[in-house]
Structures are given as structure tokens and as C-alpha cells.
Amino acid sequence: MTDPDTLRSSQNIKYPQWQREFEAALREGDPESLRHRVDAAEAALFLRSQALVGSAEAHAERQAISDAIGALRAIQREKLGYPGLE
């Protein structure tokens, strides 16, 4: 049986190279697992941003990546207690 949240999430995937990892980090509740999810999302975002270098038509995705990085920084600061992430 398919979880409705998983189905809804997979239908909203616009950037599959990084969005699934990012959304998994957003949904994670366990602090130890959250660290791993955030690390995986950061790696996926970094790799995709590197792939987009020089691409003139990827402005919307670059903005989405920037927004996702901001959300991960908030998670690191507020939920994981990382210091100095202002």
C-alpha cells in the first residue's frame, strides 16, 4: 500500500536530482537520522549546483536550491544546535 504523503510528494518532484533528499530531511524527526538526512541533502544540492554552472536557463532551479539551502541552515541551527550559522 502506498503512503498518501509519499505519493503526493513524488508527484511534486520538480528537481529529482536533489529534491527527494531535501524533502526527506524536512520530514525527518529523529535528531541522529536528521543529521544524516541533512548531510545527504547538502551533498545533493552541492552536486546539482555544480552541474548547473554556466547554464543560462536554470535560474528557477538555482533559486530553489538557494531556498533549500536556507531551509537546511534553519534546521541545522534550530533542531541540531549547530553554532555560528547566522
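What you see is a predicted model; the values in this text were computed from it and never measured.

S.K.: I'd like a description of helix α3 (residues 31–51), backed by residues and values.
M.R.: Under the 1.5 Å per step criterion, the end-to-end length of α3 is 30 Å for 21 residues, consistent within 8% with the ideal 30 Å. Packing partners of the buried residues in α3 comprise α2 (19–27) and α4 (59–78).

S.K.: Quick one: what's the story with the pattern of salt bridges, residue by residue and with numbers?
M.R.: Following the criterion strictly, the structure yields 4 salt bridges and no others. The salt bridge involving Arg-48 is made with Glu-61; its shortest N-O contact spans 2.9 Å. Remark: Glu-61 occurs in helix α4 and Arg-48 occurs in helix α3; sequence separation between them is 13 residues. The pair formed by Arg-48 and Glu-61 is uniform in burial state, with each residue classed as buried. For Arg-77, the salt bridge identified is with Glu-78, shortest N-O distance 3.9 Å. For Glu-78, a relative accessible area of 62% corresponds to the exposed category.

S.K.: Break down the environment of Glu-28 for me, citing the residues and quoting the values.
M.R.: Assignment of secondary structure puts Glu-28 in the loop between α2 and α3. For Glu-28, a relative accessible area of 18% puts it in the buried group. Each C-alpha atom, one on Glu-28 and one on Val-38, is 9.2 Å from the other, the two residues being 10 residues apart in sequence. Excluding residues that lie within four positions of it along the chain, Glu-28 makes contacts with Ser-33, Leu-34 and Arg-37.

S.K.: An account of the nonpolar core is needed here, citing residue identities and associated values.
M.R.: Counting 17 residues, the largest nonpolar core has Trp-18, Val-38, Leu-45 and Leu-72 as its most contacted members. Of all the secondary-structure elements, those providing two or more residues to this core are α2, α3 and α4. Other than its neighbours up to four places away in sequence, Trp-18 contacts Ala-44, Leu-45, Arg-48, Glu-61, Ala-64, Ile-65 and Ala-68.

S.K.: Mind laying out the side chain of Ser-55, listing which residues take part and the relevant values?
M.R.: For Ser-55, the location among the structural elements is in the loop between α3 and α4. The class for Ser-55 is buried, based on a relative accessible area of 15%. A polar side-chain atom of Ser-55 sits 3.1 Å from a polar atom in the side chain of Glu-57.

The rules behind the values
- Residues numbered from 1 in each chain as written.
- Predicted model: local features only at pLDDT ≥ 70, side-chain atom pairs only at ≥ 80, totals over all residues.
- Heavy atoms only, no water.
- Helix = DSSP H or I, 4+ residues; strand = E, 2+ residues; numbered from the N terminus.
- Expected span 1.5 Å × (residues − 1).
- Contact = heavy atoms within 4.5 Å.
- Salt bridge = Lys/Arg side-chain N within 4 Å of Asp/Glu carboxyl O.
- Buried < 20%, exposed > 50% of the residue type's maximum accessible area, 1.4 Å probe, protein only.
- Core = buried A, V, L, I, M, F, W, Y, C linked by side-chain atoms within 4.5 Å.
- Polar contact = N/O pair within 3.5 Å; in protein donor to acceptor, adjacent residues only side chain to side chain.

Remember, this is a structural readout, not a statement about activity or role.
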